[in-house]
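Descriptive analysis of the structure
The residues making up each chain are set out below.
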Amino acid sequence: MTLSFTMPKTSKRATVYFDPDLHAALRLKAAMSDRSLSDIVNEAVAEALLEDQKDLAEFSKRGEDPLLSYEQFLNELKSLGKI
């Protein structure tokens, strides 16, 4: 899912240090897409946060699944003759 992101007028300023090659790629992408570097970065961060939110929602759904410890799992594998 791609988010459409436009920077609000009340945007906040932050200093971000990029790897030089990543910065060059971002600058080229901005120039080729006629978008600002800030718009590209804001969209990428928003997409990453949305993905995190989806993951957390899925983890919450699985909260009722029974927990199996590593030791229990190994014992189960042993009882099945897999280890």
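Observations concerning the environment of Val16
Here Val16 shows up in the segment before helix 1 (20–33). We classify Val16 as exposed; its relative accessible area is 51%.

So, helix 1
Across its 14 residues, helix 1 extends 20 Å between first and last C-alpha, which sits within 8% of the 20 Å expected from 1.5 Å per residue. Where helix 1 starts, the residue carrying a side-chain oxygen 2.9 Å from the main-chain nitrogen of Asp21 turns out to be Asp19. Just beyond helix 1, the residue with positive phi is Asp34, at close to 55°.

Focus: the confidence of the model for the protein
Of the residues in the protein, 90% reach a pLDDT of 70 or more, and the chain-wide mean stands at 90. Taken element by element, the protein is modelled with least confidence in helix 2 (residues 37–61), mean pLDDT 93, and with most confidence in helix 1, mean pLDDT 98.

Re the pattern of salt bridges
For the structure on display, the rule yields 3 salt bridges. Close ionic contact of Lys61 with Glu58 constitutes a salt bridge, the shortest N to O distance being 3.7 Å. One end of the pair, Lys61, and the other, Glu58, are both in helix 2, 3 residues apart, so they sit about a helical turn from each other. Taking the relative accessible area as the measure of exposure, Lys61 reaches 59% and is therefore exposed. Notably, a salt bridge pairs Glu58 with Arg62, separated by 3.4 Å at the nearest N-O pair.

Points about a nonpolar patch on the surface
On the surface, Leu68, Tyr70, Phe73, Leu74 and Ile83 cluster together into a nonpolar patch covering about 530 Å² of accessible area. In this fold, Ile83 is placed in the segment after helix 3 (70–79). Assessed through its relative accessible area of 61%, Ile83 is described here as exposed.

Let's talk about unusual backbone geometry
Positive phi is not limited to glycine here, since Asp34 has a value of about 55°. Inspection of the secondary structure assignment puts Asp34 in the loop between helix 1 and helix 2. Taking relative accessible area as the criterion, Asp34 reaches 73% and is therefore assigned exposed.

The rules behind these values
- Residues numbered from 1 in each chain as written.
- Predicted model: local features only at pLDDT ≥ 70, side-chain atom pairs only at ≥ 80, totals over all residues.
- Heavy atoms only, no water.
- Helix = DSSP H or I, 4+ residues; strand = E, 2+ residues; numbered from the N terminus.
- Buried < 20%, exposed > 50% of the residue type's maximum accessible area, 1.4 Å probe, protein only.
- Expected span 1.5 Å × (residues − 1).
- Polar contact = N/O pair within 3.5 Å; in protein donor to acceptor, adjacent residues only side chain to side chain.
- pLDDT = per-residue confidence, 0-100.
- Salt bridge = Lys/Arg side-chain N within 4 Å of Asp/Glu carboxyl O.
- Patch = residues over 30% accessible without salt bridge, like charges linked within 9 Å, V, L, I, M, F, W, Y side chains within 5 Å.
- Areas by Shrake-Rupley, 256 points an atom, 1.4 Å probe, with all protein chains shown as cover.

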